[in-house]
Amino acid sequence: MKKKGQYIYEYKHPAVTADCVVFGYDGKELKILLIKRGPEKEASSTAFTGSWALPGGFMDVDKDQTIAHTAQRELKEETGLKLGIKDFREVAAFSDRDRDPRERVITIAHYALVKLAAVEASTDAEKAEWFSMKDVPSLAFDHDQILRVACSRLRQDIHFEPVGFDLMPEIFTLPQLQNLYESILEVKFDRRNFANKMKHFGMLTVVEDGTPRHGTRTPIKYRFDKENYDRLKAKGFQLEF
């Protein structure tokens, strides 16, 4: 009889993956980063070859300290994007028996917010490309479901997290900021009410760049005051619209 070692069991184990829902913003609309699956170099599988999918892959049990490290590594390998561990927000686990035709796979989905950057496919990906949220193609595996859940989570977090810090350029106008929030929440705000609310909480600082203003034709430029935002958050601040 085979001798058992510590933490060695006879029943089958599932594989574990991380999938990355990466949101970007181009100043007009919300974008999502997708990869086009190519043939897998480390296996003979052809599962969803040629289909669009979320970046992600299998945990390296010898090297990945956490599943967030898996997400970080796979995103870099497949798209060239380099994010820190703290940039990833865990969304949920997806474990349906038939979610992956290759084997029993449990995935832990994460989302991240980034400023739009050039991406380049590598490893098992043929392409890496930003898509408008309005034009997302049908995705491989259960990635359509993962994307829906991540979008729902983002709409919740926008009330508690400084989402704009990660998506907006350093200097921006109020119409640009309003457009971002409308893109995420899928609603329309009254322009004056939105501006008053943002100014009321003291999260924005006016940027004086020497540009002459001619009445209301020249928009005022702002940057985020993260220190003040952090103070508000410590007091239990919640941004309601």
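Rules of the game
- Residues numbered from 1 in each chain as written.
- Predicted model: local features only at pLDDT ≥ 70, side-chain atom pairs only at ≥ 80, totals over all residues.
- Heavy atoms only, no water.
- Phe/Tyr/Trp six-rings, centres within 6.5 Å; stacked < 30°, edge-to-face > 60°.
- Helix = DSSP H or I, 4+ residues; strand = E, 2+ residues; numbered from the N terminus.
- Buried < 20%, exposed > 50% of the residue type's maximum accessible area, 1.4 Å probe, protein only.
- Contact = heavy atoms within 4.5 Å.
- Salt bridge = Lys/Arg side-chain N within 4 Å of Asp/Glu carboxyl O.

Q: It is not clear to me how the packing of aromatic side chains should be interpreted in this structure. Could you clarify?
A: The description of an aromatic ring pair rests on the distance of the ring centres and on the angle between the ring planes. Applying the stated criterion across every chain yields a total of 8 aromatic pairs. Of the aromatic side chains, those joined through ring pairs into one cluster are Phe165, Phe172, Phe224 and Tyr229.

Q: Looking at this model, I keep getting lost on the side chain of Glu74. Mind explaining?
A: Along the polypeptide, Glu74 turns up in helix 1 (residues 67-79). The class for Glu74 is buried, based on a relative accessible area of 9%. Once residues within four sequence positions are removed from consideration, Glu74 is found in contact with Gly56, Gly57 and Phe58.

Q: Explanation requested: the pattern of salt bridges in the structure shown.
A: Any two side chains of opposite charge can pair, so long as their charged atoms come close to each other. Following the criterion strictly, the structure yields 13 salt bridges and no others. Asp19 is the salt-bridge partner of Arg99, the closest N and O atoms lying 3.8 Å from each other. Of this pair, Arg99 sits in the loop between strand 5 (89-94) and strand 6 (105-113) while Asp19 sits in strand 1 (residues 15-25), and the two are 80 residues apart along the sequence. Across this residue pair, the class does not change: Arg99 and Asp19 are buried.

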